[in-house]
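Each chain is listed here by its residues.
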Amino acid sequence: MRAWITRALFLLVFLGAVAAFHQSRQNRPQRVQLADENQTLLVGNGTDIETLDVHLATGQPEHYVITSMFEGLVAPDTADPDKDGPGVALSWESADFIHWTFKLNPKAAWSDGTALTAADFLYSWQRMLSPELATDYSQMLHLLKGAEAFNQGKTKDFSTVGVKAADPHTLEITLEGPAPYFPGMLKHYAWFPVPKQAIEKHGTMTQRDTAWARPGNIVCNGPFKLKEWRLNHFISVDRNPHYWDAAQVGVKEIHFFPIDSYETEERVFLDGQLHYTFTVPLAKIPLYRVEKPAFFHQSLELATEYYRCNVTRPPMDNPKVRHALSLALDRSALVDQVIRSGHRPATGLTPPRVHPDYAELKRLHYDPEEARRLLAEAGFPGGRGFRKIEILTNSSGTARTVAEFFQESWKKNLGIEVSILQQEWQVYLDSQRKLSYDIARAGWVGDYMDPYTFLGTMRSTDGNNNTGWGNARYDELLLASTREKDVPRRLQIMQEAEGVLLDELPVIPIFWRMNSHLIRPEVQNWLPSLMSHRCYKAIRLGPYTPLKTAP
């Protein structure tokens, strides 16, 4: 009897302890609740970044962190991030869209308190264009008169490039041809200023991967400055007191978390550890769209998901093989039945809405019979003799799902064997740069509202090409488009160039993207953007709202 009573008492104590533990967990403030009180924004950022050097960065995760710390002449407008607002420049003007004058804000400064002047832009653009630095985005600056010749080492005299400082707060720019969209380009970090005083303290102007962009050394000019960077854990930035518009910066800090598993990120969000997710697991999108509209957000994105073909490796060097692979893919089935996230099947490289008078080309479709015919013409009837090829992709679950759809489609429709290799973000990017792949997942988000932002990446000399493909006619057409003053004629030239690209298919466009995110209800002024621009200084955090009570 005594033993039974002892066991019963023990069980009661145990159950009481379990109940107390669960109650303590329920009463424990969530991370976002404490962050709301401290005005700290918690953001999922996909993967860890490669670098904070503005001129060496290339990825979207880098873009999101860098644009919190640095600012160009033009910045995302606080009411509409896709519109052009004042950045370092208070105003700008051009009578012919070739000659531009930018008036800089006298209050503009670096985070170390040093004044930011027109000379900083000359230094930065010279660094960006220096062939010794070998940046992926240098070709974006080829719009400047004389920039391409300097970038290619044909001259070492930077004064031949079309930019000069008329005075400390006036920047005069001459372009190769008319570009009404030029101010919008300047929101891309390739055009951002970099601090000469910090760069040359830790190396030379054109030395790569020096310590200037590391914690404790980096100097920036945006609304936030680097506070801490813990590799594979988080990056934190806090308010920059020397920012010209510091009084209008809302939150005190932003923490960027590299979570490359979409399912893990979702769990972290639902557990109250994030305000914003980088994306949403594919299988959950229909559920969230219907049942959780309070914190599920979707918006159009000026972006194309495509797969690169390494044309230096047989059999990918044969255009008939590339067309066969494309024709064997049912893009509608992929986006409607597998991904189910609102994406649109791509019929060309350039997505809709890039320019009101540029109609997307409708050249890509599903035709497995024609795919088999082309593969046979290429010497591989029924897939016989076709070596096993490998799809390279990053480590996200979505990437794996799409790659498996390709694998199944090409086996079923063409009789070819395909394997899948997933790599971590930095390794995956490096493999593409080195052409160490057969077929690789890729994509492009428009940097400004013009078809050239997509077509320019496939020039034979562009740092973002990464396929080994080049076509003299394609390059000639794109060059002509930068010189053409008549807008309809210019758009016609670019459509002809895109036709050349789609004839050879060094990249296989798959779909035009839709963004999906989970955002907590207390986050205010997080506005949708076709080009994934964020105006961080406009974001505010309201009172904490438990998700279960969200309207």
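Refer to the structure above for everything that follows.
### Quick word on helix H14 (residues 425–433)
Within the span of H14, buried status applies to Trp425, Tyr428, Leu429, Ser431 and Gln432. Viewed along the axis of H14, the buried residues span an arc of 160°, placing them on a single side of the element. Contact partners of the buried residues in H14: helix H3 (60–69), strand E11 (296–309), strand E13 (389–394), strand E14 (418–423) and strand E15 (439–445). Immediately downstream of H14, the backbone of Leu435 shows phi near 55°, a positive value.

### Quick word on the packing of aromatic side chains
Enumeration over the complete set of coordinates arrives at 25 aromatic pairs. Pairing Tyr137 with Tyr189 gives two aromatic rings, centres 5.8 Å apart and planes at 85°, and the pair type is edge-to-face. You can see Tyr137 sitting in the loop between helix H4 (118–129) and helix H5 (147–151) and its partner Tyr189 sitting in the loop between helix H6 (182–185) and helix H7 (196–199), a full 52 residues away along the chain. Here the two residues Tyr137 and Tyr189 agree in accessibility, since each one is buried. When the centroid spacing of 6.1 Å and the interplanar angle of 50° are considered together, the rings of Phe234 and Phe257 count as tilted. Taken as a pair, Phe234 in strand E9 (residues 234–239) and Phe257 in strand E10 (residues 253–257) lie far apart in primary sequence, 23 residues in all. Each of the two residues, Phe234 as well as Phe257, counts as buried. The ring of Tyr64 carries Arg534 above its face, with NZ or CZ at 3.5 Å from the centroid.

### Description of empty space enclosed by the protein
Tallied over the entire structure, the rule returns four cavities of 30 Å³ or more. Quantified by volume, the second largest cavity comes out at close to 180 Å³. The wall of the second largest cavity is formed by 17 residues, among which Thr67, Glu71, Ala75, Pro76 and Arg534 lie closest to the centre. Elements with a minimum of two residues in the lining of the second largest cavity: H3 and strand E2 (74–76). Looking at the lining of the second largest cavity residue by residue, the class counts come to nine nonpolar, four polar and four charged.

### Quick word on the side chain of Thr277
Relative to the elements of secondary structure, Thr277 occurs in the loop between helix H8 (262–270) and helix H9 (285–291). Exposure remark for Thr277: the relative accessible area of 0% places this residue in the buried category. A polar atom in the side chain of Thr277 sits 2.9 Å from the backbone nitrogen of Leu518. The contact partners of Thr277, leaving out residues within four places of it in the chain, are Gly44, Glu265, Phe269, His517 and Leu518.

### Observations concerning the sheet that holds strand E12 (residues 344–345)
If you trace the six strands from one edge of the open sheet to the other, you get E12-E16-E11-E15-E13-E14, paired in mixed fashion. Bordering the open sheet on either side are E12 and E14, each of which pairs with just one other strand. Pairing geometry for E12 and strand E16 (residues 507–518), over two bridges, is antiparallel. Across the sheet, the residue bridging to Pro345 is Phe511, located in E16. Against the sheet, H14 engages E11, E13, E14 and E15, with an angle of about 135° to E13.

### Brief notes about the packing of helix H16 (residues 472–483) against helix H17 (residues 487–504)
Where H16 meets H17, the axes come as close as 9 Å, and the angle between the chain directions of the two elements is 160°. Classed by the angle they form, the pair H16 and H17 counts as roughly antiparallel. Pair H16 / H17 crosses with left-handed handedness. In this structure, H16 contributes Arg473, Tyr474, Leu477, Leu478, Ala480 and Ser481 to the contact, and H17 contributes Arg490, Ile493, Met494, Glu496, Ala497, Glu498, Val500 and Leu501. When grouped by side-chain class, the residues that make up the contact of H16 with H17 number nine nonpolar, one polar and four charged.

### Describing the nonpolar core
In terms of nonpolar packing, the biggest core is built from 103 residues, with Phe102, Trp125 and Phe182 touching the most fellow members. If near-sequence neighbours (up to four positions away) are discounted, Trp125 is found in contact with Leu73, Leu141, Leu144, Phe158, Val163, Leu171, Ile173 and Trp191. One finds Leu327, Leu374, Phe380 and Ile510 within the second-largest nonpolar core, a separate group that totals 50 residues.

### Quick notes on the pairing of E11
Within E11, eleven of the 14 residues are buried, which leaves the element mostly enclosed by the surrounding structure. Strand direction decides the pairing type here: E11 and E15, joined by seven bridges, are antiparallel. Bridge pairing in E15 links Thr304 to Trp444.

### A short note on the sheet that holds strand E8 (residues 224–230)
Pairing within the open sheet is mixed, and its four strands lie in the order E1-E10-E9-E8. If you trace the sheet from one side to the other, it starts and ends with strand E1 (40–44) and E8, each paired once. When the angles between neighbouring strand axes are averaged without regard to direction, this sheet yields 20°. Across six bridges, the pairing between E8 and E9 is antiparallel. Bridge pairing links Leu226 to Val237 in E9. Across the sheet, helix H2 (residues 31–38) is in contact with E1 and E10; its angle to E1 comes to roughly 135°.

Parameters and conventions
- Residues numbered from 1 in each chain as written.
- Predicted model: local features only at pLDDT ≥ 70, side-chain atom pairs only at ≥ 80, totals over all residues.
- Heavy atoms only, no water.
- Buried < 20%, exposed > 50% of the residue type's maximum accessible area, 1.4 Å probe, protein only.
- Helix = DSSP H or I, 4+ residues; strand = E, 2+ residues; numbered from the N terminus.
- Arc of directions from axis to C-beta.
- Contact = heavy atoms within 4.5 Å.
- Phe/Tyr/Trp six-rings, centres within 6.5 Å; stacked < 30°, edge-to-face > 60°.
- Lys NZ or Arg CZ within 6 Å of the ring centre and 35° of its normal.
- 1 Å grid on protein atoms, 1.4 Å probe; cavity = no way out; pocket = protein on both sides within 12 Å on 5 of 7 lines; lining within 4 Å.
- Points joined across faces, edges and corners; volume = space filled by probe spheres on them.
- Nonpolar A, V, L, I, M, F, W, Y, C, P; charged D, E, K, R; others polar.
- Polar contact = N/O pair within 3.5 Å; in protein donor to acceptor, adjacent residues only side chain to side chain.
- Pairing = 2+ DSSP bridges.
- Axes fitted to C-alpha atoms, helices over the stretch in contact; angles between N-to-C directions.
- Parallel < 35°, antiparallel > 145°, perpendicular 65-115°, else oblique.
- Left-handed = near helix turned anticlockwise from the far one by under 90°.
- Core = buried A, V, L, I, M, F, W, Y, C linked by side-chain atoms within 4.5 Å.

The quantities given are spatial measurements derived from coordinates; they are silent on function.
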